[in-house]
Structures are given as structure tokens and as C-alpha cells.
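As a plain string of letters, each chain reads:
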Amino acid sequence: MKKITIAIDGFSSTGKSTLAKQLAAALGYVYVDTGAMYRAVAYFAMQHNLVSETHLDKLGLIAELPNINLRFQFNSTLGFAEIYLNNENIETQIRTIEVSRMVSKVAEVSEVRAKLVEQQQAMGQDKGIVMDGRDIGTVVFPEAELKLFMNASSKTRAQRRFDELIAKGQHVTFEEVIHNVEERDYIDTHRDDSPLVKAADAIEIDNSAMSKTEQFELVLKLVQEKF
Ligand code: DC
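Treat the numbers as computed from the prediction; the structure is a model and nothing was measured.

Parameters at a glance
- Residues numbered from 1 in each chain as written.
- Predicted model: local features only at pLDDT ≥ 70, side-chain atom pairs only at ≥ 80, totals over all residues.
- Heavy atoms only, no water.
- Pairing = 2+ DSSP bridges.
- Helix = DSSP H or I, 4+ residues; strand = E, 2+ residues; numbered from the N terminus.
- Axes fitted to C-alpha atoms, helices over the stretch in contact; angles between N-to-C directions.
- Near = heavy atom within 4 Å.
- Polar contact = N/O pair within 3.5 Å; in protein donor to acceptor, adjacent residues only side chain to side chain.
- Areas by Shrake-Rupley, 256 points an atom, 1.4 Å probe, with all protein chains shown as cover.
- Nonpolar A, V, L, I, M, F, W, Y, C, P; charged D, E, K, R; others polar.
- Salt bridge = Lys/Arg side-chain N within 4 Å of Asp/Glu carboxyl O.
- Buried < 20%, exposed > 50% of the residue type's maximum accessible area, 1.4 Å probe, protein only.
- Lys, Arg positive; Asp, Glu negative; His and termini not counted.
- Contact = heavy atoms within 4.5 Å.

**Remarks on the sheet that holds strand S2 (residues 30–33)**
Reasoning step 1: Strands sit in the order S2-S6-S1-S7-S8 across an open sheet of 5 strands; the sheet is parallel. At either margin of the open sheet sits one strand with a lone partner, and together these are S2 and strand S8 (203–206). If you compare each strand with its neighbour and ignore which way they point, the axes differ by 20° on average.
Reasoning step 2: Bridging between strand S1 (residues 5–10) and strand S6 (residues 129–133) involves 5 bridges; their strand directions are parallel. Residue Ile 6 lies in a different strand from S6, and its bridge partner there is Val 130.

Given below as C-alpha cells:
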């Protein structure tokens, strides 16, 4: 069967990765979480004191880019590919509120974006891929056969992220989480390089009042229409 490219973009915590994983499993496609790549760069920058709440050493980060090696490795127990930074599995370390606070700042740097976009395009060159992020349908794969743009109210999204963090045993308040979600929305939509925008040919899905199953069934129909 013909393979296609599926691009899923949208705001933070709109369930992009859940949907992308479901689709990849159903279609036998590769799933790539590009947010994990930006988070990994932010984690590296934090470890090397290149970023903090109040500053970003942009030139220092750009100079370190050749020393940042990212790869994904499929974990059959978990059913998705985990991210490795310089051969260290950092899947857990990148999902903290601290990394969420720094990541949009790091993702504004054009040199960071250029490096990651090149790697993402290489991963998708044979199609048969579901990739989620902020600029997949607009910059990484403007020719993707199916583009989805996910949205939900910021309160719904913050509640989902809060529940996830609490389930992982992290100590956060709902106010901290909603503040972070809204701040990232602002930075992601206002940056100069590749801001989050809906591609003209993307299909918008607001899943505020949709179950994961309902959403998956809706999208699977859209995929089937492409074959
Ligand atoms: O999908 P996520 O919430 O894990 O992404 C983390 C951050 O990375 C997000 O706030 C913006 C940035 N990002 C980006 O700029 N471009 C992408 N393709 C994916 C993520």
C-alpha cells in the first residue's frame, strides 16, 4: 500500500502525541515526537548552564550544537521510540516542568531549528511517518498528504498536563501548569522563525469535548480517504 506522510501540529497538550502514537501503531508507521528533540536541546542547555529563567546564552548554545547528538530508539515494551542525547536515554528527564519552562526559549533559536528540521526531514524521506510538533505541516513537510492542526481550550490542556505530571509524582500546582501552557502558546505563536500557525491545507480538530477513541476514529477516516 502507498505510504503517506502525516503531519500533526498544534498547541501544547492537545493530545498530539497520543493521536500520533495510535496512528503509527494502526498503520505500521514510524512516529517521531519533534517536541522531544527541542526538549532534549533545552535539557542539554540547562546542564551546560546555557539557559535559565532569566537568560539564554545563544552564541554558547550555537557553538555547542555539533556536540548534541540526538537519536530515537524503539522500545517495544513501551511501544514507541525513546529519545537519546549523546547515547543517554533522557526520555524521563525531558518531561519535567523545569524543561517545559526553558524549551520555548531554546526553540526560538534559528540555528537550533535548522539542525533539528534537517534531521526530521531525513527521518521522513521514505514516508510512512507520523510526525508531531509545531511546524511539521508548514516547514518540515509542506508536501505532507495529511495535515492535522490540534486545538483545545487552555484550561482543558493544562488539566491534562497537570494530571500527567501528578501521575508521574512531580510536585506542581495547577496554576504553574496553566501559566506554563499559556506562556508557551504565546512564545510558540509569536517567534520569528517558524511560528506555530495552521497550514492552509490542515484540518483543524478541537478535541476539548472529544474522547481519545472518538478522535482516533475521526482521524482514521481522514487517513483512509487519502488512500
Ligand atoms: O510538543 P512539546 O510540548 O513536547 O514541545 C515542547 C516545545 O518545543 C514547544 O513548546 C515548542 C517546541 N517545539 C517547536 O518549536 N517545534 C516543534 N516542531 C516541536 C516543538
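**A short note on the site of the ligand**
Reasoning step 1: Around the ligand, the structure places 15 residues, and the nearest of them are Arg 39, Arg 113, Asp 135, Arg 184 and Arg 191.
Reasoning step 2: With respect to the ligand, the side chain of Arg 113 contributes an N or O atom lying 2.8 Å from an oxygen atom.
Reasoning step 3: The separation between a nitrogen atom of the ligand and a polar side-chain atom of Asp 135 is 2.8 Å.
Reasoning step 4: Expressed as a share of its isolated accessible area of 450 Å², the protein-covered part of the ligand is 97%.
Reasoning step 5: Per-element accounting of the shell around the ligand gives the leading share, 4 residues, to helix H2 (residues 34–47).
Reasoning step 6: Here the residues of the shell around the ligand are counted per class, giving 4 nonpolar, 4 polar and 7 charged.

**Details of the sheet that holds strand S3 (residues 70–75)**
Reasoning step 1: Pairing is antiparallel across the open sheet formed by 3 strands, whose spatial order is S3-S4-S5. For this open sheet the edge positions go to S3 and strand S5 (88–89), each flanked by a neighbour on one side alone.
Reasoning step 2: Where strand S4 (residues 80–85) and S5 come together, 2 bridges link them in antiparallel fashion. Looking at the pairing, Tyr 84 lines up with Asn 89 of S5.

**Comments concerning the pattern of salt bridges**
Once their charged atoms are close, side chains differing in charge can pair, the charge on each being opposite to the other.
Reasoning step 1: Applying the stated criterion to the full structure yields 10 salt bridges.
Reasoning step 2: Salt-bridge contacts for Glu 176 lead to Arg 101; the nearest nitrogen and oxygen are separated by 2.8 Å. On the criterion of sequence distance, the pair formed by Glu 176 in helix H8 (residues 174–190) and Arg 101 in helix H4 (residues 97–107) is long-range, its members being 75 residues apart.
Reasoning step 3: Here Glu 176 falls in the partly exposed class, since its relative accessible area comes to 28%.
Reasoning step 4: Classification of Arg 101 as partly exposed rests on a relative accessible area of 27%.

**Some points on the side chain of Arg 184**
Reasoning step 1: Within the secondary structure layout, Arg 184 lies in helix H8.
Reasoning step 2: An unpaired buried charge is present at Arg 184: no salt bridge exists, and Asp 188, the closest side chain of opposite charge, is 5.2 Å distant.
Reasoning step 3: Once residues lying within four places of it in the same chain are set aside, the contact partners of Arg 184 are Ser 12, Arg 39, Ser 100, Val 103, Ser 104, Arg 134 and Arg 161.

**A look at the pairing of S1**
Reasoning step 1: Across the 6 residues of S1, 6 count as buried, placing the element largely inside the fold.
Reasoning step 2: Residues Thr 5, Ala 7 and Asp 9 line one face of S1 and the alternating positions Ile 6, Ile 8 and Gly 10 line the opposite face, and both faces are buried.
Reasoning step 3: Where S1 meets strand S7 (residues 146–151), 5 bridges bridge the pair, whose relative direction is parallel. By the bridge assignment for S7, Ile 8 is matched with Leu 148.

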